[in-house]
Amino acid sequence: MRDYPTATVRTRVRVPLRFGDGYSVDAELVTFHGLADEQEHLAVVLGEPGADPLVRLHSECLTGDVFGSARCDCGPQLREAVERIADRGGVLLYLRQEGRGIGLYNKLDAYALQDQGLDTYAANAALGLPEDGRDYTAAAQMLRALGIDSVDLLSNNPDKADQLRDLGITVARRVPTGVFTTAHNVRYLRAKVLQTQHTMPLPELTAG
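Being a predicted model, the structure only gives us computed values, none of them experimental.

Caption draft 1: Structural view of the overall build of the chain. For the chain, the helix and strand inventory stands at 8 helices and 7 strands. Counting only residues that meet the buried cut, the chain has 50% of its 208 residues in that class. Long-range pairs, those at least 24 residues apart, make up 61% of the contacts in the chain with a sequence separation of at least 6. For the chain, the accessible surface area stands at approximately 9,900 Å², while carbon and sulfur atoms represent 50% of it.

Caption draft 2: Region of the structure containing the nonpolar core. Ranked by internal contacts, the top residues of the largest apolar core, which has 27 residues, are Ala43, Leu57, Val91, Leu93, Leu143, Val151 and Leu164. The element best represented in this core is helix H6 (residues 137-145), accounting for 5 residues. Contacts of Leu93, omitting those with residues within four sequence positions, involve Leu42, Ala43, Arg56, Leu57, His58, Ala139, Met142 and Leu143. By size, the runner-up hydrophobic cluster in this structure holds 17 residues, among which are Leu54, Leu78, Tyr94 and Leu154.

Caption draft 3: Structural detail: helix H7 (residues 158-166). Buried within H7 are the following residues: Pro158, Lys160, Ala161, Gln163 and Leu164. Looking at where H7 begins, the residue whose side-chain oxygen comes 3.0 Å from the main-chain nitrogen of Asp159 is Asn157. Backbone geometry just downstream of H7 places Gly168 in the positive-phi region, at approximately 90°.

Caption draft 4: Highlighting the packing of aromatic side chains. Across all of its chains, the model carries 1 aromatic pair by this definition. Taking the centre distance of 6.1 Å and the plane angle of 40° together, the rings of Phe19 and Tyr23 count as tilted. The lysine or arginine in question, Arg71, covers the ring of Tyr111, its NZ or CZ lying 4.2 Å from the ring centre. A cation sits over an aromatic face here: Arg79 above Phe19, 5.6 Å from the ring centre.

Caption draft 5: Region of the structure containing the environment of Val25. Along the chain, Val25 turns up in strand E2 (residues 24-33). With a relative accessible area of 14%, Val25 lands in the buried category. Other than its neighbours up to four places away in sequence, Val25 contacts Val15, Pro16, Leu17, Arg18, Leu46, Val82 and Ala86.

Caption draft 6: A look at the pattern of salt bridges. One pass over the structure, following the stated rule, counts 13 salt bridges. A salt bridge links Asp132 to Arg134, with the nearest nitrogen and oxygen atoms 2.8 Å apart. When its relative accessible area of 26% is taken as the criterion, Asp132 is described as partly exposed.

Caption draft 7: A look at the side chain of His58. Among the structural elements, His58 can be located in strand E4 (residues 54-59). Taking the relative accessible area as the measure of exposure, His58 reaches 1% and is therefore buried. A polar atom in the side chain of His58 sits 3.2 Å from the side chain of Asp65. Sequence-distant contacts of His58, defined by excluding residues within four places in its chain, comprise Asp65, Cys74, Leu78, Leu92, Leu93, Tyr94 and Leu95.

Conventions adopted
- Residues numbered from 1 in each chain as written.
- Predicted model: local features only at pLDDT ≥ 70, side-chain atom pairs only at ≥ 80, totals over all residues.
- Heavy atoms only, no water.
- Helix = DSSP H or I, 4+ residues; strand = E, 2+ residues; numbered from the N terminus.
- Buried < 20%, exposed > 50% of the residue type's maximum accessible area, 1.4 Å probe, protein only.
- Contact = heavy atoms within 4.5 Å.
- Areas by Shrake-Rupley, 256 points an atom, 1.4 Å probe, with all protein chains shown as cover.
- Core = buried A, V, L, I, M, F, W, Y, C linked by side-chain atoms within 4.5 Å.
- Polar contact = N/O pair within 3.5 Å; in protein donor to acceptor, adjacent residues only side chain to side chain.
- Phe/Tyr/Trp six-rings, centres within 6.5 Å; stacked < 30°, edge-to-face > 60°.
- Lys NZ or Arg CZ within 6 Å of the ring centre and 35° of its normal.
- Salt bridge = Lys/Arg side-chain N within 4 Å of Asp/Glu carboxyl O.

Here it is, written out as C-alpha cells:
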C-alpha cells in the first residue's frame, strides 16, 4: 500500500444543484486542506452515505461538463452519477484533472490531432504526454477525511479501482456507468475499451 499524508476537511457548505433537464438535488460540498497535489478538488456529498457508499471519481471536463461537448461522455456521466449517488447515498469527487491530467489546452491540442485520425491515447502520446496522467492519491485522502475507507465505485475504468486499492481504500464492488454514445464520440469510447479495458459493451459502440 502506498503511503501518503492525511488531509483534513476545510469547509462544508450546503448547495442546491439544478440541472438543465430539470433534475434538482441538495448537496453538501466539501473542501480540504493538505491534498497531495495541492489542487482544489471537491467532494459532493449526496443523500445519506452508509456502509460502502456509492462513490464516483469524476475528472473535470470543461468542454463536456459545462459546454455539453458531444466529443466525450463526461457531461452525461456527471449528470447520471449525481442522481444515482443521491438515490443511494454517497459521494462524487470532482477532481481537477482536465484531459486525463494533461490540462485543457493540451486536451484541445490532442483534439486537433484526433481530427487528423489519431485516437485519444495516440494523440496524447504524439504530444509527448501520458495517455492517462491521473493519480488518485488526493481522492483517497478526501475519502479518508470524510471517514470513508470502503466504497462501491461507480466507474467503467479499472485503473481507478486499482489505484484506490493500492492507496488502502477497499473497493467492495465496481458499478458500471451508462454508455452515452453520440455520432462524435464513438471512436473515443471504443479507444477506452480497447486500450484501457473500460467495461463498456463494444456492440453498443458501433461506428456512427
